[in-house]
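For reference, the chains in residue letters:
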Amino acid sequence: MSAESTAPAVTMDAIVALAKRRGFVFQSSEIYGGLNGFFDYGPLGSELKKNIRDCWWNDMVRRRDDVVGIESSIIMHPKVWEASGHVAGFTDPLVDCKVSKQRYRADQLFFSPVVVDGQTVGYVSALESEKTAADLQAAAESFKRKKAIQGALAPVAPRDFTEAKPEEIPLIPSPATGEPGSLTEPRAFNMMFETHVGPMRDSSAVAYLRPETAQGMFVDFKNVVDTGRVKLPFGIAQIGKSFRNEITPRNFIFRSREFEQMEMEYFISEDADWDTCHKEWIEWCRQWLISVGLPETHLSLYAHPKEKLAFYSKGTVDIMFRYPFGVQELWGIAARGNYDLTQHANASGKPMEYFDEASKKKFVPHVIEPAVGVDRIFLAVLCAGYAEEDVKDDKGNVEKRTVLRLSPRIAPVKVAVLPLLKNKEALTARAKELYRKLQRRYAVFYDEAGAIGRRYRRQDEIGTPWCVTIDFETIEKDGTFTLRERDSMTQKRITEADLFALLEAQVF
Ligand code: GAP
């Protein structure tokens, strides 16, 4: 068998279709029409997600001597979110279209003046995409044509709606209607989900679903120091659900309203070299992404401009991933100074200082915070791993195969066990014996239905790295199996001991 990738770059449609067809991701409450910004993970999706979480937890917490884990509650005291600044400032700029009732995030709504022969003759708008400028240019050309304006059209100059001057706002067309005059000025929209704790529904009972897991680590800082035998520098890590009432959830699971975060707060001394520490964590995170199968070529770094940082922030670098819809943030690594601990010390009246035995000094530690979304890694590995290929069999016949090149570390099924024939008791009995043995350690799949080639294809599509076929050589000769490798499609004979050794080396 040989393979040739003939397909163009992967599309989101192909990813969404595969995710649904093979039980990775479903729309939440689909039978009721779905709920925008919420998703369910199916049998294979929940395995894949669990593997991503487990790899992160093992590498970040268990295999490091300087990081411990916690699990804090999703609903915390409302004062936590006042002290952290979320109640006042966790907002996105919202724009309403008064005619269509559509809502937009102002920083994702782009516009440009239409300039002909040096004169502004109108405005065009487009929603952010990987081709925003091209969309605006096409809209400007269409505007000029429709209005039958003669002269030379200048290239568009895209700006986002937060940059619109007050006098420009009534002139910018709504993306929903194509007409100007219906868009409001941007206003701050708080993204926290509110709820009430206890039987009363008045303002004293208001609480929030956490918009990030990070505050759990700050609020529990003292508890961990007092009970965990930790010494600076050390980290507190957590994996858990976060909730944001995003104005425009989009790009499938990339930006949703309920998602999962893996965050770690790495506390360092007030006079530590934060810049070096920051850089080390950026590289650690990058290497970790590569270790779960993301190609280095799809990753890049984006340093937030100094003037856009919060006043307490010393620097933030995002690891970006090339998704089909553009290069977008995957993992943010922020140097946050000692802002959060100081805020909680002031608001709660409880000291957040750390006593350093060596220097005999007391201070509020500073922090480096790597924060990543599980769902974004999930989407990245699907996009990077997906391929449609033309494959030739031994007789030269060409057929299509869809393959998901997932790292064995995170693949939902590690091995498929396939008896060559369904109706040969000796083959199925040996296959089931091996299947049960493997199942004690790994997620494995037993499949006896259909031609062997079709069974391989089914496994290729869900990312199973290896198939093991139990054939006549197994039962009549030397006990070895055929091991078929997903990516190269090569086959070789392997003993049971070597199969377990292979898994031990590759699945960790
Ligand atoms: N504690 C810092 C913090 O929460 P963030 O950049 O807002 O920082 C961290 O979020 C990571 O969480 C992002 O890099 C992204 O991977 C993920 N994330 C944020 N909002 C998300 C959303 N609406 N849907 C899915 N993932 C999201």
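Placed above this text is the structure.
In what follows, the accompanying structure is described. (Residues numbered from 1 in each chain as written. Predicted model: local features only at pLDDT ≥ 70, side-chain atom pairs only at ≥ 80, totals over all residues. Heavy atoms only, no water.)

What the protein chain contains, in helices and strands, is 14 helices and 27 strands. When its C-alpha atoms are laid out on the principal axes, the protein chain stretches across 85 × 75 × 50 Å. Expressed as a percentage of its 508 residues, the buried residues of the protein chain come to 50%. Sequence separation of at least 24 residues holds for 64% of the intrachain contacts in the protein chain that already meet a minimum separation of 6. Approximately 24,400 Å² of the protein chain is accessible, and the part contributed by carbon and sulfur atoms is 51%. One way to put it: in the protein chain the 68 positive side-chain charges average out to a point 3 Å from where the 72 negative ones average out. (Helix = DSSP H or I, 4+ residues; strand = E, 2+ residues; numbered from the N terminus. Buried < 20%, exposed > 50% of the residue type's maximum accessible area, 1.4 Å probe, protein only. Contact = heavy atoms within 4.5 Å. Areas by Shrake-Rupley, 256 points an atom, 1.4 Å probe, with all protein chains shown as cover. Lys, Arg positive; Asp, Glu negative; His and termini not counted. Charge placed at Lys NZ, Arg CZ, Asp CG, Glu CD.)

Quick look at the sheet that holds strand 9 (residues 159-160) now. What the 3 strands build is an open sheet, ordered 8-7-9; its pairing is antiparallel. Every interior strand has two partners, whereas the edge strands, strand 8 (119-127) and strand 9, have only one. As paired elements, strand 7 (residues 109-116) and strand 8 share 8 bridges and run antiparallel to each other. In the sheet register, Leu109 faces strand 8, and the bridge partner there is Leu127. (Pairing = 2+ DSSP bridges.)

Around the ligand, the structure places 18 residues, and the nearest of them are Glu212, Arg244, Glu263, Glu329 and Leu330. Here Phe254 contributes a backbone N or O atom positioned 3.3 Å from a nitrogen atom of the ligand. Here a nitrogen atom of the ligand sits 3.3 Å away from a polar atom, N or O, in the side chain of Glu369. A total of 560 Å² of accessible area belongs to the ligand in isolation, and the protein chains cover 89% of it. Elements that contribute at least two residues to the shell around the ligand include exactly strand 14 (258-268), strand 17 (326-337) and strand 20 (366-373). Sorting elements by how many residues they give to the shell around the ligand places strand 20 first, with 4 residues. Among the residues making up the shell around the ligand, the classes are represented as 6 nonpolar, 4 polar and 8 charged. (Near = heavy atom within 4 Å. Polar contact = N/O pair within 3.5 Å; in protein donor to acceptor, adjacent residues only side chain to side chain. Nonpolar A, V, L, I, M, F, W, Y, C, P; charged D, E, K, R; others polar.)

So, on to the pattern of salt bridges. Within this structure, the stated rule accounts for 43 salt bridges. Two residues, Glu473 and Lys477, come together in a salt bridge whose shortest N-O distance is 3.8 Å. Given the relative accessible area of 30%, Glu473 is considered partly exposed. Under the relative-accessibility criterion, Lys477 is labelled exposed at 66%. (Salt bridge = Lys/Arg side-chain N within 4 Å of Asp/Glu carboxyl O.)

This part is about the packing of aromatic side chains. Applying the stated criterion across every chain yields a total of 20 aromatic pairs. Ring geometry for Phe221 versus Phe267: centroids 4.7 Å apart, planes at 55°, classification tilted. Linking Phe221 in helix 7 (residues 221-227) with Phe267 in strand 14, this pair joins segments that are 46 residues apart in sequence. Exposure class is identical for Phe221 and Phe267. Each is buried. Aromatic rings pair up to connect Phe218, Phe221, Phe234 and Phe267 into one cluster. The ring of Phe254 carries Arg376 above its face, with NZ or CZ at 3.8 Å from the centroid. Above the plane of the ring of Tyr456 lies Arg484, whose end atom (NZ or CZ) is 4.5 Å from the centre. (Phe/Tyr/Trp six-rings, centres within 6.5 Å; stacked < 30°, edge-to-face > 60°. Lys NZ or Arg CZ within 6 Å of the ring centre and 35° of its normal.)

Turning our attention to helix 8 (residues 274-291). Its 18 residues place the ends of helix 8 25 Å apart at the C-alpha level, agreeing with the 26 Å of an ideal helix rising 1.5 Å per residue. Turning to helix 8, its buried residues are Cys277, His278, Trp281, Ile282, Cys285, Arg286, Trp288 and Leu289. Backbone geometry just after helix 8 places Gly293 at a positive phi near 105°. (Expected span 1.5 Å × (residues − 1).)

With that settled, the discussion passes to the sheet that holds strand 6 (residues 103-105). What the 3 strands build is an open sheet, ordered 6-5-10; its pairing is antiparallel. Every interior strand has two partners, whereas the edge strands, strand 6 and strand 10 (187-190), have only one. Sheet twist, expressed as the mean angle between neighbouring strand axes with direction ignored, is 50°. Note that strand 5 (residues 91-96) and strand 10 share 4 bridges and pair antiparallel. Within the sheet, the bridge partner assigned to Leu94 lies in strand 10 and is Arg187. (Axes fitted to C-alpha atoms, helices over the stretch in contact; angles between N-to-C directions.)

Below, the discussion takes up the environment of Asp271. Considering the arrangement of structural elements, one finds Asp271 in the loop between strand 14 and helix 8. A residue is classified by how much of its surface remains accessible, and Asp271, at 53% relative accessible area, is exposed. Separated by 3.4 Å, the side chains of Asp271 and Lys361 make a polar contact.

Attention shifts here to a nonpolar patch on the surface. On the surface, a cluster of nonpolar side chains totalling about 220 Å² of accessible area is made up of Ile74, Ile75 and Val197. Tracing the backbone through its elements, the reader meets Ile74 in the loop between strand 4 (67-69) and helix 3 (78-83). Taking relative accessible area as the criterion, Ile74 reaches 30% and is therefore assigned partly exposed. (Patch = residues over 30% accessible without salt bridge, like charges linked within 9 Å, V, L, I, M, F, W, Y side chains within 5 Å.)

Bringing empty space enclosed by the protein into the picture now. Taken as a whole, this structure holds 1 cavity of 30 Å³ or more when the rule is applied. Lining the largest cavity are Phe39, Tyr41, Lys49, Lys241, Ile253, Ser256, Glu258, Phe259, Glu260 and Asp375. Every element with two or more residues in the lining of the largest cavity is listed here: strand 3 (39-41) and strand 14. Of the residues forming the lining of the largest cavity, the biggest block, 3 residues, is contributed by strand 14. (1 Å grid on protein atoms, 1.4 Å probe; cavity = no way out; pocket = protein on both sides within 12 Å on 5 of 7 lines; lining within 4 Å. Points joined across faces, edges and corners; volume = space filled by probe spheres on them.)

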